[in-house]
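Survey of secondary and tertiary structure
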Amino acid sequence: MDAYRDQYATLIPDGRKVTLLAVSVDSAPALAGWARDADYPFGFLSDPDGAMGRAYGAWDPTYKLDNRTLYVIGPDGRVAHVMAPFREVDPQAYRELAAAIEKAGR
């Protein structure tokens, strides 16, 4: 999550109508504390039973968690781009994500 935080200002500059939400099987209180302590500029959603992960195809039943999958949702509410798995340590992945965000916002 630190990589997302560190790229956030570049990916989502002021004025852009983008909301970044991270989804995890961790509890809401655990996520809130973690987000506050690490000063993340985006929200977290708790998916303790994996329902959201299953709905979007990110659920890994072997490990009972959501895989690192990134979805760009367009203004129309539809999935505009999927990055699975998201390569959070690869600088090129952030360039691809920025392009997907830009395209979806048109």
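One structure accompanies this document, and this report is about it.

**Describing the packing of aromatic side chains**
Under the counting rule described, the total for this entry stands at 10 aromatic pairs. When the ring of Tyr8 is compared with that of Phe42, the centres are 6.0 Å apart and the planes differ by 35°; the resulting orientation is tilted. Of this pair, Tyr8 sits in helix H1 (residues 2-11) while Phe42 sits in the loop between helix H2 (28-38) and strand E2 (43-46); the two residues are 34 residues apart in sequence, bridging distant segments of the chain. The class of Tyr8 is buried, set by a relative accessible area of 18%. Centre to centre, the rings of Trp34 and Tyr40 are 5.4 Å apart; their planes meet at 75°, and the pair counts as edge-to-face. On the basis of relative accessibility, which here comes to 39%, the residue Trp34 falls in the partly exposed class. One cation-aromatic arrangement involves Arg54 over Trp59; the distance from NZ or CZ to the ring centre is 5.0 Å.

Conventions used here
Residues numbered from 1 in each chain as written. Predicted model: local features only at pLDDT ≥ 70, side-chain atom pairs only at ≥ 80, totals over all residues. Heavy atoms only, no water. Phe/Tyr/Trp six-rings, centres within 6.5 Å; stacked < 30°, edge-to-face > 60°. Helix = DSSP H or I, 4+ residues; strand = E, 2+ residues; numbered from the N terminus. Buried < 20%, exposed > 50% of the residue type's maximum accessible area, 1.4 Å probe, protein only. Lys NZ or Arg CZ within 6 Å of the ring centre and 35° of its normal.

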